[in-house]
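Structural description and commentary
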Amino acid sequence: MRWGIASAMPFDMGGEAVAVPKHVAIILDGNGRWAKSKGMPRNYGHVKGAQNLEVICRDAWNLGIKYLTVYLFSTENWKRSSDEVDALMTLFRKYTKTCMKTARDNNMKVRVLGEPSALAPDLQESLAKLVESSKDNTGLNFQIAINYGSRDEIVRAVRKISADCAAGRLIPEQITEECFAGYLDTAGIPDPDLLIRTSGEQRLSNYLMWQLAYTEFYFTDVPWPAFTKEDLQKAIDQYNSRDRRYGGVKA
Ligand code: IPE
Ligand code: IPE
Ligand code: MG
């Protein structure tokens, strides 16, 4: 689907101009419960959830969001039944293909967060292709977290830092917050301004713990497959009512 041109101006919410967060991170939760409430199998929820992701990507861009990071599969999600994991992997294969076309049609740059080596080789390959083919695009920066866990990401960063120190490429005194952030999967990506978690749970579930240090959190009961552009606008509206102090004091 082609998206059209993003509004350069902040959108209008009841007469007042709204500041749009530059980077929105989403924990897409509630696919299974949503499907169950409709008397359908969990996988139906995942299929509808993936379709909704396409729609929300477009909506996010049209609202003026520049970076969108979504949690598709956590390092803990392997604990689910092999049937569900297999169905999710099949869906990710399809989704990667769709995403390739969406990226091409809409100038979207895709990056993948997480450790790919646990994924099937063909999926690793198509994710790498998706990243490579979209790397020069200048539209929406879209990050997909797949086999992602924040603790795993931090441990992998520490290993790389240790290897660089052992090889003499880095000395411990050079390890600053900025240097450390550069070893994370999100290197070069600004920290999220707004985190949205759908479907009622109020926890991080191992998502972006370093990057969310000063992010505003928004929780909604709406399950992911039913989450709409209006729900995204509500989250942005709520974000606008927050006072971000970063530890300082505002007059
Ligand atoms: C989110 O929906 C998708 C993934 C974690 C893969 P869930 O599958 O967690 O749905 P609920 O939370 O069980 O309803
Ligand atoms: C978090 O959702 C992971 C993703 C959305 C991919 P979960 O459904 O796995 O989280 P918990 O188990 O409720 O913490
Ligand atoms: Mg869940």
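Residues numbered from 1 in each chain as written. Chains lettered and ligands numbered in written order. Predicted model: local features only at pLDDT ≥ 70, side-chain atom pairs only at ≥ 80, totals over all residues. Heavy atoms only, no water.

With that settled, the discussion passes to the layout of surface pockets. The computed volume of the largest pocket comes to approximately 600 Å³. Together, 28 residues line the largest pocket, and L28, D29, L72, N77 and R80 are the ones closest to its centre. Within the residue set of the lining of the largest pocket, elements represented by two or more residues are α1 (31-37), α2 (42-63), β4 (67-74) and α3 (82-106). For the lining of the largest pocket, the element with the most residues is α2, which contributes 5 residues. If you add up the space inside the second largest pocket, you get close to 350 Å³. Together, 19 residues line the second largest pocket, and E177, A181, D191, W210 and Q211 are the ones closest to its centre. (1 Å grid on protein atoms, 1.4 Å probe; cavity = no way out; pocket = protein on both sides within 12 Å on 5 of 7 lines; lining within 4 Å. Points joined across faces, edges and corners; volume = space filled by probe spheres on them. Helix = DSSP H or I, 4+ residues; strand = E, 2+ residues; numbered from the N terminus.)

This paragraph deals with the side chain of S199. Its place among the elements puts S199 in the loop between β7 (194-197) and β8 (216-219). Residue classification places S199 among the buried positions, given a relative accessible area of 9%. Once residues within four sequence positions are removed from consideration, S199 is found in contact with D29, G30, R33, T220, D221, V222 and P223. (Buried < 20%, exposed > 50% of the residue type's maximum accessible area, 1.4 Å probe, protein only. Contact = heavy atoms within 4.5 Å.)

Our focus in this paragraph is the site of ligand 2. The local shell around ligand 2 consists of I27, L28, D29, Y71, L72, F73, S74, N77, R80, R197, R203 and S205. Within the side chain of R203, one N or O atom sits 2.8 Å away from an oxygen atom of ligand 2. With respect to the pocket detection grid, ligand 2 is positioned in the largest pocket. Here the shell around ligand 2 gets 4 residues from one element, more than from any other, and that element is β4. (Near = heavy atom within 4 Å. Polar contact = N/O pair within 3.5 Å; in protein donor to acceptor, adjacent residues only side chain to side chain. Sits in = over half its atoms within 2 Å of the grid points.)

Strand pairing within a sheet occurs via backbone hydrogen bonds; the two strands may be parallel or antiparallel. Read across the sheet, 6 strands follow the order β5-β6-β4-β3-β7-β8 without closing on themselves; strand pairing throughout is parallel. The sheet is open, and its two borders are formed by β5 (109-113) and β8, each paired with just one other strand. This sheet shows a mean twist of 20° between the axes of neighbouring strands, independent of strand direction. In the packing of α2 onto the sheet, the strands contacted are β3 (23-27), β4 and β6 (141-148), and the crossing angle to β4 comes to about 160°. (Pairing = 2+ DSSP bridges. Axes fitted to C-alpha atoms, helices over the stretch in contact; angles between N-to-C directions.)

Let's shift gears to the packing of aromatic side chains. With the rule as written, the count across this model stands at 10 aromatic pairs. Here the aromatic rings of W224 and F227 are separated by 5.4 Å at their centres, their planes lie at 20°, and the arrangement is stacked. F227 gets classed as buried once you look at its relative accessible area, which sits at 1%. Aromatic rings pair up to connect Y71, Y148 and Y207 into one cluster. (Phe/Tyr/Trp six-rings, centres within 6.5 Å; stacked < 30°, edge-to-face > 60°.)

Despite not being glycine, N107 shows a phi value in the positive range, around 60°. N107 gets classed as partly exposed once you look at its relative accessible area, which sits at 32%. The phi angle at Y246 is positive, at roughly 50°, despite the residue not being glycine. Residue classification places Y246 among the partly exposed positions, given a relative accessible area of 48%.

For an α-helix, 3.6 residues make a turn, and residues three or four places apart therefore share a direction. Between its terminal C-alpha atoms helix α4 (residues 121-134) stretches 20 Å, which fits the 20 Å expected from 14 residues at 1.5 Å a residue. Contacts from the buried residues of α4 go to α3, β5 and β6. (Expected span 1.5 Å × (residues − 1).)

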